[in-house]
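# Observations on chain architecture
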Amino acid sequence: MHMTKHPIATDDNVTTAHLTSYHYGKRGAGKKVYIQASLHADEVPAMLVAHFLRQELERLDAAGRVKGEVILVPVANPLGLSQLVHGTPFGRYDLGTGVNFNRAYHHVTDELKQALAGRLGRDAQANVALIRQHALRSVAEWKVKDATGTLKKILLGMAIDADIMLDLHCDNEAVLHMYAGTPLTGAVQPLAALMGARVVLVATQSGGEPFDEACGRPWWDLAEHFKEAAIPPACVAVTVELRGEMDVRYDYARKDADALLQYLAHAGVLDIPTRALPPALCTPTPLDAVEPLEAPHAGVLVFHKQLGDTVEAGEPVADIVNPVSGQVSTVSATRPGLLFASTAHRHLLRGMHICKVAGTESFRSGNLLSS
């Protein structure tokens, strides 16, 4: 194991923070795995999971039982951790630019379409190696303007050539759920089963260039462009939402870390005894089948349904109660599904987010992620 500290510097070469990564196993000895925690810096549960991952990975590495390369970034956003608004941590957006820390990552596909023209054939393994080489070069040449850009470039530079990329987040309030690319539907199911995911949401493009798509989407974009070449979806890139922001508990963190280690063992990266995969709690469903519900007016939010409940079309999910006027509005889903995420706030203004219901039939288009 070795630790690397990456300086996060601005254009005028002023270092504002350091990013720390831990490296286990040996590069080129097997699959490469990249795991990062809390890219949205105030989403804390992932940091505790990373703490237990680090303990176990250090033990396994010392025993020579890491059969590939594993990179762990236990705190992926030191910049966001330093941001406060009226004394409250605020790690979802860069306060200087308003840009989400999990958006606007460099998408290498357009550059690779030009650089690899006429160079890819029917040898999938050779294609994967060449694509990764050029993807790393593209990220290295990415011109960034500020400390947040430098942070994003460092993170993507470590992850862009991984076989497995796990981006650990959490929602405001939620059951455990995941996001992945549609071509990865089969590959992500063992992880979903091991972690007990209640919802797995898939899309070929969700909008906004989040981190997982910067790692995973180039593979199916390039496969679509170079139709005669053998290009597999060579990076299993998954965003794992570890329940809600307040679900910071030792029992959850140990359970989640164990599930992640089991997944890596099933993938051949760790030499540890594997358990049989448990029954999956869900099947992947389209991200564009998620229905977000919003407050029709200001008032107190009162839920009729709980997280993890199934919802029928037209069934009441919540009320918005205006304590001044006495107006009570019932909010219902228009489609059946599972209530998997909600706001933690209990007084909302008109148009504010209430919750999300995961259905099975596609009906949305455009940007499919919240801001």
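Coordinates for the structure precede this section.
What counts, and at which threshold
- Residues numbered from 1 in each chain as written.
- Predicted model: local features only at pLDDT ≥ 70, side-chain atom pairs only at ≥ 80, totals over all residues.
- Heavy atoms only, no water.
- Helix = DSSP H or I, 4+ residues; strand = E, 2+ residues; numbered from the N terminus.
- Rg over C-alpha atoms; globule rule 2.2 N^0.38 Å.
- Contact = heavy atoms within 4.5 Å.
- Areas by Shrake-Rupley, 256 points an atom, 1.4 Å probe, with all protein chains shown as cover.
- Lys, Arg positive; Asp, Glu negative; His and termini not counted.
- Charge placed at Lys NZ, Arg CZ, Asp CG, Glu CD.
- Disulfide = S-S within 2.5 Å.
- Buried < 20%, exposed > 50% of the residue type's maximum accessible area, 1.4 Å probe, protein only.
- Salt bridge = Lys/Arg side-chain N within 4 Å of Asp/Glu carboxyl O.
- Phe/Tyr/Trp six-rings, centres within 6.5 Å; stacked < 30°, edge-to-face > 60°.
- Lys NZ or Arg CZ within 6 Å of the ring centre and 35° of its normal.
- Axes fitted to C-alpha atoms, helices over the stretch in contact; angles between N-to-C directions.
- Left-handed = near helix turned anticlockwise from the far one by under 90°.
- Nonpolar A, V, L, I, M, F, W, Y, C, P; charged D, E, K, R; others polar.
- Pairing = 2+ DSSP bridges.
- Expected span 1.5 Å × (residues − 1).

## A closer look at the overall build of the chain
What the chain contains, in helices and strands, is eight helices and 20 strands. Over its C-alpha atoms the chain spans a radius of gyration of 21 Å, differing by no more than 12% from the 21 Å that the globule rule assigns to 371 residues. Its C-alpha atoms give the chain principal-axis dimensions of about 65 × 45 × 45 Å. Of the contacts made within the chain by residues no fewer than 6 positions apart, 70% connect residues no fewer than 24 positions apart. Of the roughly 16,200 Å² of accessible surface on the chain, a fraction of 53% belongs to carbon and sulfur atoms. In the chain, 34 side chains carry a positive charge and 40 a negative one; their mean positions are 4 Å apart.

## Some thoughts on the state of the cysteines
Scanning all chains against the criterion turns up zero disulfides. C170 takes part in no disulfide bond, and the closest cysteine sulfur, belonging to C355, lies 17 Å away. Left without a disulfide partner, C235 is nearest to the cysteine sulfur of C215, which lies 5.3 Å away. The class of C235 is buried, set by a relative accessible area of 0%.

## Concerning the pattern of salt bridges
Going through the model one piece at a time under the given rule, you end up with 18 salt bridges. Here D221 makes a salt bridge to R217, at a shortest N to O gap of 2.9 Å. Highlighted residues: D221 and R217, both in helix α7 (residues 211–225), separated by four residues, approximately one helical turn. Relative accessible area serves as the criterion here: at 6%, R217 is assigned to the buried category. Here E224 and K227 are joined by a salt bridge, their closest N and O atoms 2.5 Å apart. Beyond isolated ion pairs, a larger network of salt bridges with shared partners links R27, K32, E69 and D161.

## So, the environment of D110
Along the chain, D110 falls in helix α3 (residues 109–115). With 227 residues separating them along the chain, D110 and G337 place their C-alpha atoms 37 Å apart.

## Regarding the packing of aromatic side chains
The tally for this structure, following the rule as stated, stands at four aromatic pairs. Judged by centre distance (6.1 Å) and plane angle (35°), the rings of Y34 and F211 are tilted. On the criterion of sequence distance, the pair formed by Y34 in strand β3 (residues 32–37) and F211 in helix α7 is long-range, its members being 177 residues apart. Each member of the pair, Y34 as well as F211, carries the same accessibility label: buried. One aromatic cluster is present, built from ring pairs that chain together Y34, Y105 and F211. Sitting above the plane of the Y105 ring, K152 keeps its charged end 5.3 Å from the centroid. Directly above the aromatic system of Y252 lies the positively charged group of R243, at a separation of 4.0 Å from the ring centroid.

## Overview of the packing of helix α5 (residues 147–159) against α7
One way to put it is that α5 packs onto α7 with a least axis distance of 10 Å and a crossing angle of 35°. In the packing of α5 onto α7, the handedness of the crossing is right-handed. The segment α5 lies against α7, with L155, L156 and A159 engaging F211, A214 and C215. Taken together, the residues of the contact of α5 with α7 break down into six nonpolar, no polar and no charged.

## Observations regarding the sheet that holds strand β19 (residues 347–348)
The strand order across the open sheet built from four strands is β17-β16-β14-β19, with neighbouring strands paired in antiparallel fashion. Looking at which strands have only one partner, the edges of the open sheet turn out to be β17 (328–332) and β19. Sheet topology places strand β16 (residues 316–321) next to β17; five bridges connect them, and they run antiparallel. Within β17, the position partnered with P316 by the bridge is S332.

## Some words on unusual backbone geometry
One non-glycine residue, H86, lies in the positive phi region at around 50°. With respect to the helices and strands, H86 occurs in the loop between β5 (84–85) and β6 (88–89). Residue class for H86 comes out exposed when judged on its relative accessible area of 83%. Backbone geometry at A104 places phi at a positive 65°, although glycine is not the residue there. Its location among the elements puts A104 in the loop between β6 and α3. What makes A104 partly exposed here is its relative accessible area of 42%.

## Describing helix α8 (residues 250–266)
The end-to-end C-alpha distance of α8 is 24 Å, a good match for the 24 Å that 17 residues give at a rise of 1.5 Å each. For α8, every residue scored as buried is listed here: A253, D256, A257, A259, L260, L261, Q262, Y263, L264 and A265. The positive-phi residue at the C-terminal boundary of α8 is G268, with phi of around 85°.

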